[in-house]
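Observations on the three-dimensional arrangement
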Amino acid sequence: MIVTIDGPAGAGKSTAARCLARRLGFRFLDTGAMYRAVTWVCCQADIDLTDANAVLDAARGMQLDLGDDTVHVAGRDISAAIRTPEITRESRHVAANNAVRAHLIERQREFARDRNVVTEGRDQGTIAFPHAECKFYLVADPQERALRRQRELAARGQQVALEELLQQQTHRDQRDAEREFGAMRPATDAREIDTSNLTLEQVIDKLERIVRERLANPGH
Ligand code: C5P
């Protein structure tokens, strides 16, 4: 079974998707980490992120190993290195590169072949896995999302003003939603879940209940 979880940054997708996968015994696929890994590889090799062909070559040559909690490139653990504000900011160039998107989507499908997977991103239910059995679209108030991001950064020792985070978030949402290919939007058959007033535990419980119902009644 394929479970897709899409939605904007800060809606709680990542943690919920990872925990849901663990509860179900499914593999977890963090597709944002793939875009981040390509960005990191390019930064390391001084590749101009606006040079579409060079970035595509780098993506094709990238030896990526995605674990449930870790990301390795050519054997090097880059799990923390891809979460810096710089990589977050610069990943927009990679996300806007259609050839790279097509390549990463192929890798996503390869990852999911013959496996039970919870996959998380922006375009998983719409483009990567249009036939997924269970699709979710997680949303939350912009203010609440920025607050969550602020807490997340604080836990890593970075203090950032809420206003600044809100502004970055608005720009990211806009770019994600306006992309010509792989734009962030709910699939027509996705269930939208507003996580603003739910705890993480409540979100995971809700997702798990729906997936288990689906597993018990395939085809409904
Ligand atoms: O979700 P996360 O913040 O890790 O995403 C990293 C980058 O990859 C962002 O720029 C996001 O827009 C992009 N992305 C994407 N398609 C996906 C997942 C992430 O364009 N399926």
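Described below are features of the structure shown in this document. (Residues numbered from 1 in each chain as written. Predicted model: local features only at pLDDT ≥ 70, side-chain atom pairs only at ≥ 80, totals over all residues. Heavy atoms only, no water.)

1. Section: the site of the ligand
Around the ligand there are 15 residues in total, and Arg36, Arg101, Asp123, Arg172 and Asp176 lie nearest to it. Taking Ser91, its side chain carries an N or O atom lying 3.0 Å from an oxygen atom of the ligand. Protein contacts shield 94% of the accessible area of the ligand, which totals 450 Å² for the unbound molecule. Elements supplying a minimum of two residues to the shell around the ligand: α2 (31–44), α4 (85–95) and α8 (162–178). Partitioned by chemical class, the residues of the shell around the ligand number two nonpolar, five polar and eight charged. Formed jointly, the shell around the ligand draws a minimum of three residues from each of two domains, domain 1 (1–26 + 116–211) and domain 2 (30–114). (Near = heavy atom within 4 Å. Polar contact = N/O pair within 3.5 Å; in protein donor to acceptor, adjacent residues only side chain to side chain. Areas by Shrake-Rupley, 256 points an atom, 1.4 Å probe, with all protein chains shown as cover. Helix = DSSP H or I, 4+ residues; strand = E, 2+ residues; numbered from the N terminus. Nonpolar A, V, L, I, M, F, W, Y, C, P; charged D, E, K, R; others polar. Domains from an automatic or database assignment.)

2. Points about the sheet that holds strand β7 (residues 134–139)
Strand order across the open sheet formed by five strands is β2-β6-β1-β7-β8, with parallel pairing between neighbours. Among the strands making up the open sheet, the edge pair consists of β2 (27–30) and β8 (191–194). The mean angle between the axes of side-by-side strands here comes to 20 degrees, regardless of whether they run parallel or antiparallel. Pairing between β7 and β8: four bridges, direction parallel. Residue pairing for β8: Phe136 is matched across the bridge by Arg191. (Pairing = 2+ DSSP bridges. Axes fitted to C-alpha atoms, helices over the stretch in contact; angles between N-to-C directions.)

Interpretation note: all reported values are geometric properties and have no functional meaning in isolation.
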